[in-house]
Amino acid sequence: MQAPALRDQLTQAARCVAAVRAGRSLAEALPTVPDALRPGVQALVFDTLRQGGTTQALVRLLAEHAPPPRVAALLEVALALLVRGEAYAPYTVVDQAVQALPALRAPALRGFVNACLRRFLREQAALLERARATPQGRWNHPTWWVQRLQADHPLLWADVLQADNEPAPMVLRVNRRRITRTQYLAQLVLQGWSAQPIGDDGLVLEDAVPVQQLPGWAAGWVSVQDGAAQLAAPLLLGAGLRPGARVLDACAAPGGKTAHLLELADLELWALDADGQRVRRIDETLQRLGLPAAGSTVRVLHADAADVRAWWDGRAFDAIVLDAPCTASGIVRRHPDVRWLRRPGDVARLAQQQARLLRALWPLLAPGGRLLYATCSVFRGEGQQVVEAFVAEQPQARRLPAPGHLLPGGRVADATPAAEALLAAHAMGDNARRGMDGFFYALLQRA
Ligand SMILES: C[S@@+](CC[C@H](N)C(=O)[O-])C[C@H]1O[C@@H](n2cnc3c(N)ncnc32)[C@H](O)[C@@H]1O
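Residues numbered from 1 in each chain as written. Predicted model: local features only at pLDDT ≥ 70, side-chain atom pairs only at ≥ 80, totals over all residues. Heavy atoms only, no water.

The name recorded for the protein in an unreviewed UniProt entry is 16S rRNA (cytosine(967)-C(5))-methyltransferase, from Tepidimonas ignava. Recorded in UniProt for the protein, the comment headed Sequence similarities (unreviewed entry) runs: "Belongs to the class I-like SAM-binding methyltransferase superfamily. RsmB/NOP family." The protein has a UniProt comment under Catalytic activity (unreviewed entry) that states "cytidine(967) in 16S rRNA + S-adenosyl-L-methionine = 5-methylcytidine(967) in 16S rRNA + S-adenosyl-L-homocysteine + H(+)". (UniProt positions renumbered as here; feature names shortened; annotations may be inferred.)

Spelled out as structure tokens, the structure:
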């Protein structure tokens with residue numbers, strides 16, 4: 001099959017980058033790209049957004065007057081390619097960017113785009129130095145984000161920002177009810193793929209693979225789930241719950257942690273989510289993995305978890321997972337648009353929702369029961385501070401050992417011996433952690 005023309009990929013990539021700059025997510029924009037172009041376009045867009053502080057600053061330096069958004073986005077994509085300088089000869093990038101303009105309904109700007117890109121090639125070193133003179137241009141995250149990380153993680157903030165700009169590995173979770181990890185690894189090797197174990201059930205693939213090509217995907221042998229997220233179920237189950245214990249997964253869609261819990265233990269499990277469309281994905285997840293379906297020992301409900309009177313039957317839960325909605329600042333390696341979509345006020349707004357959920361769900365926990373609070377955020381305002389404030393107002397809440405803030409790239413923000421021992425016990429030592437997303441975990445026990 002003939003490779004798609006770079007011109008067509010640049011056109012589509014510019015549309016996606018313009019959508020993100022206008023406040024829409026890539027989850028909305030990428031599905032509008034024709035199938036044959038999508039993998040190449042996604043790679044271009046991800047790379048552009050990972051350099052998006054530098055490329056935005058370069059466009060401002062090169063263009064005397066701001067061009068229309070799609071043309072600014074085209075310049076960003078072409079500049080990202082030129083800065084990387086690996087895939088195409090510079091003259092090809094310039095030529096194909098100019099040729100992309102008619103499809104972006106801006107044929108009259110040929111001369112302008114050509115002049116901007118050629119000037120960049122002539123003055124690259126000086127322009128890059130100026131573009132990288134601000135925190136946003138240097139670190140490719142909004143300035144408020146850089147400053148917040150500096151305050152939250154004074155020694156590790158630069159490591160986090162650097163890790164955020166690297167592509168994340170594809171990580172699988174083997175479904176123990178179907179196959180052992182050793183057997184699954186052997187299946188991968190038979191196909192010519194290699195992978196490294198991570199955690200109790202995970203495998204980090206050396207190269208990403210479309211899921212349908214994975215051995216046993218349709219038969220539910222594996223799921224895709226980052227190594228940090230794979231800690232939730234083992235942390236909650238901890239020393240073990242009795243068979244049939246009642247567990248609530250309060251923010252469950254699309255069901256990654258619900259499924260892992262059911263792969264590890266026989267539970268009476270309630271999975272809730274406030275988003276009706278995403279709730280359907282919990283059922284699909286359980287079905288593909290061959291786990292108990294809704295209506296058996298599992299209940300899948302579309303509900304606001306904090307509106308307890310609307311859905312609770314009054315019987316206490318032995319354990320609760322609260323994987324709360326958050327900024328997703330820990331998973332920007334996989335979602336490079338997130339950093340450009342969030343606003344500074346989002347952290348406080350989400351922290352209020354997180355505290356509301358914690359307060360509402362705590363009374364549902366049986367005495368001696370455990371609640372695992374998790375977010376995929378690196379900001380302390382959505383992790384440590386939420387939990388500290390809650391424990392201060394709730395005398396019955398006792399903190400048990402938990403990893404706290406895990407940072408992308410594998411550092412533990414507050415590496416206590418107990419946290420390190422716990423991570424080691426789940427095969428998440430230094431080496432294994434390197435490929436992980438950012439996450440926060442706190443484990444609370446009710447007196
Ligand atoms: C981080 S995601 C959960 C991921 C999921 N636990 C997994 O492992 O697949 C957070 C979820 O919280 C849901 N959510 C947000 N507010 C909620 C609420 N008040 N009650 C229940 N679910 C809520 C969102 O719809 C979203 O699906």
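Structure shown, so let's carry the discussion forward.
(A) Summary view of the overall build of the protein. Within the protein, the regular secondary structure consists of 20 helices and 11 strands. Taking 2.2 N^0.38 as the reference for a compact globule, 447 residues should give roughly 22 Å; the C-alpha atoms of the protein span a radius of gyration of 23 Å, in line with that estimate. Considered along the principal axes of its C-alpha atoms, the protein spans approximately 70 × 50 × 40 Å. By residue count, 54% of the 447 residues in the protein fall in the buried class. Long-range contacts, defined as pairs at least 24 residues apart, comprise 74% of the intrachain contacts of the protein with a sequence gap of at least 6. Carbon and sulfur atoms provide 52% of the accessible area of the protein, an area that totals close to 19300 Å². (Helix = DSSP H or I, 4+ residues; strand = E, 2+ residues; numbered from the N terminus. Rg over C-alpha atoms; globule rule 2.2 N^0.38 Å. Buried < 20%, exposed > 50% of the residue type's maximum accessible area, 1.4 Å probe, protein only. Contact = heavy atoms within 4.5 Å. Areas by Shrake-Rupley, 256 points an atom, 1.4 Å probe, with all protein chains shown as cover.)

(B) Seen up close, the packing of helix 4 (residues 52–62) against helix 8 (residues 124–131). At a minimum axis separation of 9 Å, helix 4 and helix 8 run at an interaxial angle of 115°. The way helix 4 lies across helix 8 gives a crossing that is right-handed. For the pair formed by helix 4 and helix 8, the contact residues are Thr54, Ala57, Leu58, Leu61 and Leu62 on the first element and Leu127, Leu128, Arg130 and Ala131 on the second. (Axes fitted to C-alpha atoms, helices over the stretch in contact; angles between N-to-C directions. Left-handed = near helix turned anticlockwise from the far one by under 90°.)

(C) Structural detail: the sheet that holds strand 6 (residues 267–273). If you walk across this open sheet you meet the seven strands as 7-6-5-8-9-11-10, and the pairing is mixed. Edge positions in the sheet fall to strand 7 (298–302) and strand 10 (397–406), since each has one partner strand and no second. Strand-to-strand twist of the sheet, defined as the mean angle between neighbouring strand axes without regard to direction, takes the value 15°. Where strand 8 (residues 317–323) meets strand 9 (residues 365–375), six bridges bridge the pair, whose relative direction is parallel. (Pairing = 2+ DSSP bridges.)

(D) Broad picture of the pattern of salt bridges. If you walk through the whole model with that rule in mind, you get 21 salt bridges. Taking the shortest distance from any N to any O, the salt bridge between Asp159 and Arg411 comes out at 2.8 Å. Taken together, the residues Asp159 in helix 11 (residues 157–164) and Arg411 in the loop between strand 10 and helix 19 (417–425) connect sequence positions 252 residues apart. Residue classification places Asp159 among the partly exposed residues on the basis of a relative accessible area of 34%. Close ionic contact of Asp304 with Arg356 constitutes a salt bridge, the shortest N to O distance being 2.7 Å. Placement of the pair is Asp304 in the loop between strand 7 and strand 8 and Arg356 in helix 17 (residues 346–361), with a sequence separation of 52 residues. One network of salt bridges, with partners in common, ties together Asp226, Arg333, Arg334 and Asp437. (Salt bridge = Lys/Arg side-chain N within 4 Å of Asp/Glu carboxyl O.)

(E) Structural view of the environment of Leu188. Along the polypeptide, Leu188 turns up in helix 12 (residues 181–190). Considering only alpha carbons, one finds Leu188 and Leu214, 26 residues apart in sequence, at a separation of 7.8 Å. Setting aside chain neighbours within four positions, we find Leu188 in contact with Trp193, Ala195, Leu203, Leu205, Leu214 and Pro215.

(F) Spotlight on the state of the cysteines. In the structure shown here, the tally under the stated rule is zero disulfides. Not part of a disulfide, Cys326 finds its nearest cysteine sulfur in Cys376, a span of 3.5 Å. (Disulfide = S-S within 2.5 Å.)

(G) Here's a closer look at helix 11. Those residues of helix 11 that sit buried are Trp157, Val160, Leu161, Ala163 and Asp164. Taken around the axis of helix 11, the buried residues stretch over an arc of 165°, which confines them to a single face. Summarising the contacts, the buried residues of helix 11 are in contact with helix 3 (38–50), helix 9 (135–139), helix 10 (143–152) and helix 16 (338–341). (Arc of directions from axis to C-beta.)

(H) Examining the UniProt feature "active site" (unreviewed entry) in the protein more closely. Mapped onto this numbering, the UniProt entry gives "active site" (unreviewed entry) at Cys376. Relative to the assigned elements, Cys376 resides in the loop between strand 9 and helix 18 (384–393). Owing to a relative accessible area of 14%, Cys376 belongs among the buried residues under this scheme. Aside from chain neighbours lying at most four places away, what touches Cys376 is Cys326, Ala328, Ser329, Gly330, Ile331, Gly438 and Phe439.

(I) Fine view of the nonpolar core. Counting 61 residues, the largest nonpolar core has Leu261, Leu267 and Tyr441 as its most contacted members. Broken down by element, the residue count for this core peaks at five residues, all from helix 13 (residues 232–237). Excluding residues that lie within four positions of it along the chain, Leu261 makes contacts with Ala233, Leu236, Leu237, Val247, Leu267, Leu269 and Val321. If you look at the next biggest cluster of nonpolar residues, it comprises 51 residues, including Ala29, Leu58, Ala73 and Leu128. (Core = buried A, V, L, I, M, F, W, Y, C linked by side-chain atoms within 4.5 Å.)

(J) Up close: the site of the ligand. For the ligand, the set of nearby residues contains 18 residues, the closest of which are Gly256, Asp273, Arg278, Asp304 and Asp323. The separation between an oxygen atom of the ligand and a polar main-chain atom of Ala253 is 3.3 Å. Considering the ligand on its own, with 610 Å² of exposed area, one finds that the protein chains cover 84% of that surface. The class makeup of the residues in the shell around the ligand is 10 nonpolar, two polar and six charged. (Near = heavy atom within 4 Å. Polar contact = N/O pair within 3.5 Å; in protein donor to acceptor, adjacent residues only side chain to side chain. Nonpolar A, V, L, I, M, F, W, Y, C, P; charged D, E, K, R; others polar.)

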